[in-house]
Structures are given as C-alpha cells and as structure tokens.
Amino acid sequence: MNKFITKRDGSIEEFNINKITSALNKAFTNTNVNINNIDEILEYINNELDKKNCSNYNIEDIQDLVEKTLML
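Residues numbered from 1 in each chain as written. Predicted model: local features only at pLDDT ≥ 70, side-chain atom pairs only at ≥ 80, totals over all residues. Heavy atoms only, no water.

Participant: Sorry if this is basic, but what is going on with the sheet that holds strand E1 (residues 4-6) here?
Facilitator: What links the strands of a sheet is backbone hydrogen bonding, and the strands pair in either a parallel or an antiparallel sense. Spatial ordering of the open sheet is given by E2-E1-E3, a layout of three strands whose pairing is mixed. If you trace the sheet from one side to the other, it starts and ends with strand E2 (12-14) and strand E3 (56-58), each paired once. Across this sheet, the average inter-strand angle for adjacent strands is 30°, counted without regard to direction. Sheet analysis places E1 next to E2, joined by three bridges and oriented antiparallel. (Pairing = 2+ DSSP bridges. Helix = DSSP H or I, 4+ residues; strand = E, 2+ residues; numbered from the N terminus. Axes fitted to C-alpha atoms, helices over the stretch in contact; angles between N-to-C directions.)

Given below as structure tokens:
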C-alpha cells in the first residue's frame, strides 16, 4: 500500500522515508551526536506506520512518531 503525507499547507505527497533520513542526519550532525542504528530507527518508524494500516498521514503524526522513536 502506498503511503501519503498531508503537509501543513494541505498538499498531499507520497511518503518518502528518505526525507526522514535526511532530517535525522541533519539533526544528529548539528548536535554532534553519532548514531549507528539509523537503519533500525527508520525500520521501526516504517513498521509503526504499517501497523496503522492507513494510506494518508498528517505530517504532525509522522513528527510525533519520529520523536517518540528517538526517545525510546
């Protein structure tokens, strides 16, 4: 099932895990944090989205999921 994101401006685009990868890499670089398990983090996020069995997510829901995943 394809996943889509509803952005803050109301536009919809196809979900792209690479955008999360890029954001995490920037955040870790800017905070001088080394991360060795980014693939595991991304897999967890993707699996959690799959569990919801939804095809369209709000960007805020994705951000919340990423934050909660990082706190784990």
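Participant: Would you mind going over the packing of helix H1 (residues 17-30) against helix H2 (residues 38-52) with me for this structure?
Facilitator: When two helices pack together, you describe them by how their axes are tilted relative to each other and by the distance separating the axes. The interhelical angle for the contact between H1 and H2, taken along N-to-C directions, is 135°, at an axis separation of 11 Å. Taken together, H1 and H2 sit at an angle that is classed as oblique. As H1 packs across H2, the resulting crossing turns out to be right-handed. Two secondary-structure elements touch here, H1 through Ile-17, Ile-20, Thr-21, Leu-24 and Asn-25 and H2 through Ile-38, Ile-41, Leu-42 and Ile-45. Class assignment for the residues of the contact of H1 with H2 results in seven nonpolar, two polar and no charged. (Parallel < 35°, antiparallel > 145°, perpendicular 65-115°, else oblique. Left-handed = near helix turned anticlockwise from the far one by under 90°. Contact = heavy atoms within 4.5 Å. Nonpolar A, V, L, I, M, F, W, Y, C, P; charged D, E, K, R; others polar.)

Participant: Is there a simple way to think about the environment of Ile-59 in this case?
Facilitator: With respect to the element layout, Ile-59 can be found in helix H3 (residues 59-71). When the C-alpha atoms of Ile-59 and Asn-30 are compared, they prove to be 22 Å apart, with 29 residues separating the residues in sequence. With residues near it in sequence (within four places) discarded, Ile-59 still touches Ile-5, Thr-6, Lys-7 and Arg-8.

As far as function goes, none of this settles anything; it's purely spatial.
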